[in-house]
Amino acid sequence: VFALNGKPFFAFWGGVSNNRPDFTRRHSDAPLNLITMGANSRQWWTRKDAYDFSVFDRVAEELSVHNPDACFMADLSIYPPEDWVKENPGEMACDDGGNPSTGWMGTYSFSSKRAVELIEGALVRAIEYLEHAPYANRIIGYRVNSGNTIEWLGWETKNRDDVQDFSPASRRAFEAFARKNYPEITDFSIPTFAERCAADTDGLFLDRRRHARIIAYHDFHSTSIAEDAIRLCGAAKEATGGRKVVGTYYGYTMTLFECGEQMRGHYSLARVLDADAVDFLMSPPPYGVRRLGDICGEMKPFATMQARGILPVIEDDSRTHMHPAQRVEQTPNDELSTFALRRNMGVALCRGEPFYSLAINDGLNFDFPQFGYDAAAIRAAGLFAVRTGVGRNAEIAVVISEESVKALPRYEGPRDTYRELVQTYPPDDRGRARHKEGSSGLPLVTESYNRILKRVCRLGAPVDYLLAEDLARARNYKLYVFVNCSCASEGFVQSVRTLRDRPCTLLWIHAPGYAGE
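Anyway, here's the lowdown on the structure attached to this text. (Residues numbered from 1 in each chain as written. Predicted model: local features only at pLDDT ≥ 70, side-chain atom pairs only at ≥ 80, totals over all residues. Heavy atoms only, no water.)

### Things to note about the pairing of strand β9 (residues 245–249)
Moving on, step 1. Judged by how many residues are buried, β9 sits mostly within the fold: 5 of 5 residues are covered.
Moving on, step 2. Where burial is concerned, the two faces of β9 agree: the one with Val 245, Gly 247 and Tyr 249 and the one with Val 246 and Thr 248 are both buried.
Moving on, step 3. Summarising the sheet, strand β8 (residues 139–145) and β9 pair through 3 bridges and their orientation is parallel. In the strand pairing of β9, Tyr 142 is matched with Val 246. (Buried < 20%, exposed > 50% of the residue type's maximum accessible area, 1.4 Å probe, protein only. Helix = DSSP H or I, 4+ residues; strand = E, 2+ residues; numbered from the N terminus. Pairing = 2+ DSSP bridges.)

### Details of the nonpolar core
Moving on, step 1. By size, the foremost hydrophobic cluster in this structure holds 73 residues, and its most contacted members are Met 37, Trp 44, Leu 76 and Phe 371.
Moving on, step 2. At 9 residues, the largest contribution of residues to this core is made by helix α4 (residues 113–130).
Moving on, step 3. The residues contacting Trp 44, other than those within four sequence positions of it, are Ala 39, Ala 50, Tyr 51, Asp 52, Phe 53, Val 55, Phe 56, Leu 76, Ile 78, Ala 122 and Ala 126.
Moving on, step 4. If you look at the next biggest cluster of nonpolar residues, it comprises 28 residues, including Phe 302, Ile 400, Ile 452 and Ala 468. (Core = buried A, V, L, I, M, F, W, Y, C linked by side-chain atoms within 4.5 Å. Contact = heavy atoms within 4.5 Å.)

### Things to note about the side chain of Asn 145
Moving on, step 1. Within the secondary structure, Asn 145 sits in strand β8.
Moving on, step 2. A residue is classified by how much of its surface remains accessible, and Asn 145, at 1% relative accessible area, is buried.
Moving on, step 3. Among the polar contacts made by the side chain of Asn 145, one reaches the side chain of Ser 77 at a distance of 3.0 Å.
Moving on, step 4. In contact with Asn 145, not counting residues within four places along its chain, are Asp 75, Leu 76, Ser 77, Ile 78, Ile 150, Trp 152, Thr 248 and Tyr 249. (Polar contact = N/O pair within 3.5 Å; in protein donor to acceptor, adjacent residues only side chain to side chain.)

### Quick word on helix α2 (residues 54–66)
Since the α-helix turns once every 3.6 residues, residues separated by three or four places project in the same direction.
Moving on, step 1. Taken residue by residue, α2 has Val 55, Phe 56, Val 59, Ala 60 and Leu 63 as its buried positions. The buried residues of α2 occupy an angular sector of 130° when projected down its axis, which confines them to one face. Opposite its buried face, α2 presents the exposed residues Glu 61 and Val 65, each directed more than 90 degrees away.
Moving on, step 2. Against the buried residues of α2 lie β3 (12–16), β4 (34–38), α1 (41–44), β7 (71–77) and α4. (Arc of directions from axis to C-beta.)

### Topic: the packing of aromatic side chains
Moving on, step 1. Scanning the model with the defined rule gives 30 aromatic pairs in all.
Moving on, step 2. Summarising the aromatic geometry, the rings of Trp 13 and Phe 280 are spaced 5.8 Å apart at their centres and angled 80° between planes, so their arrangement reads as edge-to-face. With Trp 13 in strand β3 and Phe 280 in strand β10 (residues 280–283), this residue pair connects regions lying 267 residues apart in the sequence. Pair check on accessibility: Trp 13 and Phe 280 agree, each one buried.
Moving on, step 3. Connected via pairs of aromatic rings, a cluster forms that spans Trp 44, Trp 45, Tyr 51, Phe 53, Phe 56 and Tyr 129.
Moving on, step 4. Across from the ring centre of Tyr 465, 4.9 Å away, lies the NZ or CZ of Arg 351, which sits over that ring. (Phe/Tyr/Trp six-rings, centres within 6.5 Å; stacked < 30°, edge-to-face > 60°. Lys NZ or Arg CZ within 6 Å of the ring centre and 35° of its normal.)

### Re the sheet that holds strand β17 (residues 479–482)
Moving on, step 1. Pairing is parallel across the open sheet formed by 4 strands, whose spatial order is β16-β13-β17-β18. At either end of the open sheet lies a strand with only one pairing partner, and these are β16 (463–467) and β18 (505–508). Along the sheet, successive strands turn relative to each other by an average axial angle of 25°, direction set aside.
Moving on, step 2. Sheet topology note: the strand β13 (residues 396–400)/β16 ladder contains 5 bridges and is parallel. Paired with Ile 396 across the strands is Val 463, a residue of β16.
Moving on, step 3. On the sheet, helix α14 (residues 490–500) packs against β17 and β18 and is oriented at approximately 135° with respect to β18. (Axes fitted to C-alpha atoms, helices over the stretch in contact; angles between N-to-C directions.)

### What to know about the state of the cysteines
Between two cysteines, a covalent bond joining their sulfur atoms is known as a disulfide.
Moving on, step 1. Here the structure, examined in full by the defined rule, presents 0 disulfides.
Moving on, step 2. Of all cysteine sulfurs, the one in Cys 485 lies closest to Cys 487, which takes part in no disulfide; the gap is 9.6 Å. (Disulfide = S-S within 2.5 Å.)

### Overview of the pairing of β4
Moving on, step 1. Most of β4 sits out of view: 5 of its 5 residues are buried.
Moving on, step 2. Alternating residues of β4 divide into Leu 34, Thr 36 and Gly 38 and Ile 35 and Met 37, and every residue in both groups is buried.
Moving on, step 3. Here 2 bridges tie β3 to β4, and the two strands are oriented parallel to one another. Within β4, the residue paired with Gly 14 across the bridge is Ile 35.
Moving on, step 4. By the bridge criterion, 5 bridges tie β4 to β7 in an arrangement that is parallel. Note on β7: the bridge partner recorded for Gly 38 is Asp 75.

### Description of the environment of Ala 70
Moving on, step 1. With respect to the helices and strands, the residue Ala 70 is situated in the loop between α2 and β7.
Moving on, step 2. Considered as a pair, Ala 70 and Ala 11 are 59 residues apart in the sequence and their alpha carbons are 9.8 Å apart.
Moving on, step 3. Those residues in contact with Ala 70, other than ones at most four positions away along the chain, are Leu 32, Asn 33, Leu 34, Ile 35 and Arg 138.

### Some details on the pattern of salt bridges
Moving on, step 1. The final tally for this structure, using the stated rule, is 34 salt bridges.
Moving on, step 2. Of the charged contacts in the structure, one is a salt bridge between Glu 175 and Arg 179, with a shortest N-O distance of 2.9 Å. On the criterion of helical spacing, the pair formed by Glu 175 and Arg 179 is a turn pair, its members being 4 residues apart in helix α5 (residues 168–181).
Moving on, step 3. The class for Arg 179 is exposed, based on a relative accessible area of 52%.
Moving on, step 4. For Arg 308, the salt bridge goes to Asp 274, with nearest N and O atoms at 2.6 Å. Linking Arg 308 in the loop between α9 (302–307) and β11 (311–316) with Asp 274 in helix α8 (residues 269–275), this pair joins segments that are 34 residues apart in sequence.
Moving on, step 5. Through salt bridges with shared partners, one network takes in Arg 20, Asp 22, Arg 26, Asp 29 and Asp 367. (Salt bridge = Lys/Arg side-chain N within 4 Å of Asp/Glu carboxyl O.)

Following this line, the structure appears as structure tokens:
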């Protein structure tokens, strides 16, 4: 839990879009005691040296109309202003032809020290303003975001599933990183998309003897993003004097659906945990397990975060029947929306996490009567659990290695023999189920990274998710399922030696140490 004035604070947290058709910042009838307060950075950071922080004042006033007693989590999702983007093309991410990316809010290079320094300055200015605002005592913390879709994700383009950054800043930074960490590399050019697709397409892992440059780039990509998040979150903690909680979106380790996920940039979580820069980390539930009857679940190794004193948060951005657009993952009516949200809230409650409902896009997703009633029940249960000290005591742990992910090749297309029947409820059918046979993807990879989580979560016993690179800090379990731990560091090997002396069972999905020495 968070603590408010030294006392435990069970957060029933909500976020609301400002695009509602009634132009209000209403979330729903849910009894929110924490609500996200933020604005597009282009509204308050209008030019390189021009700020209009009164935007926050208006947002705080609007939110107070519907949530007069709720605390605020200030959302600082920051991108360079348009004039700086135009003046500094060499600091922007670009493709292998030198063309600057034109995506989300000006895709600055994660390797650009100038860009990050600029963003840090704006971040500190915003916090200084908010900490002296009339509503400063209602702000319990700051969520510091950037990257693709306000999450710390690698930039994407419309033409490719994932894209590298070939900017001068990125080229220089990659060479410095590779020289320091991969002494066998002599070619310091950034591997192209075509090179990554052509490498070892029939193998489970990249062979470091032949493809060290690709593995190094995957490592560099995640490390660059993690270091940016650490720097900005650390600056926020310093600006608040440690009196407010600080967090962000990071650590999507458990959500590998296909072998292009390395470019999400979320495989330096151990570095983020060691930096002591965040108090909470967030992620949405994986899209592949949201359907009715599925497990919902978690992108993050939440039990590792909890062992570190970092609060994991699942951001529920469900597209319910209230969502105007018709989407495949949308629930078609209020009854099925209710079932899905009860499941989602139950998962968060049983894992000891706050529940955060984000009314994404049009802001109507949770605004129907039954959700308000159910939210009140879940909040009461959460308060009871905090007051009485109810804890989680899972005896099974799934362990995933982020280092192994960096050694995965980039496949094109499904290559798996496993096929499962998928049931969906298209919104245009309003409740009528539709079935299709879908391929689960790639040989071994999809089953062992993604489907294994579904299997284990249906065992009938609680399951914790752990990060292999932080295994030494985990508490004791009776069963450890090692999903992809094939790139074993000496620290990991020592942790496993310790486990072998305990009364527990170790189940290996792949041969341990296959990709190590």
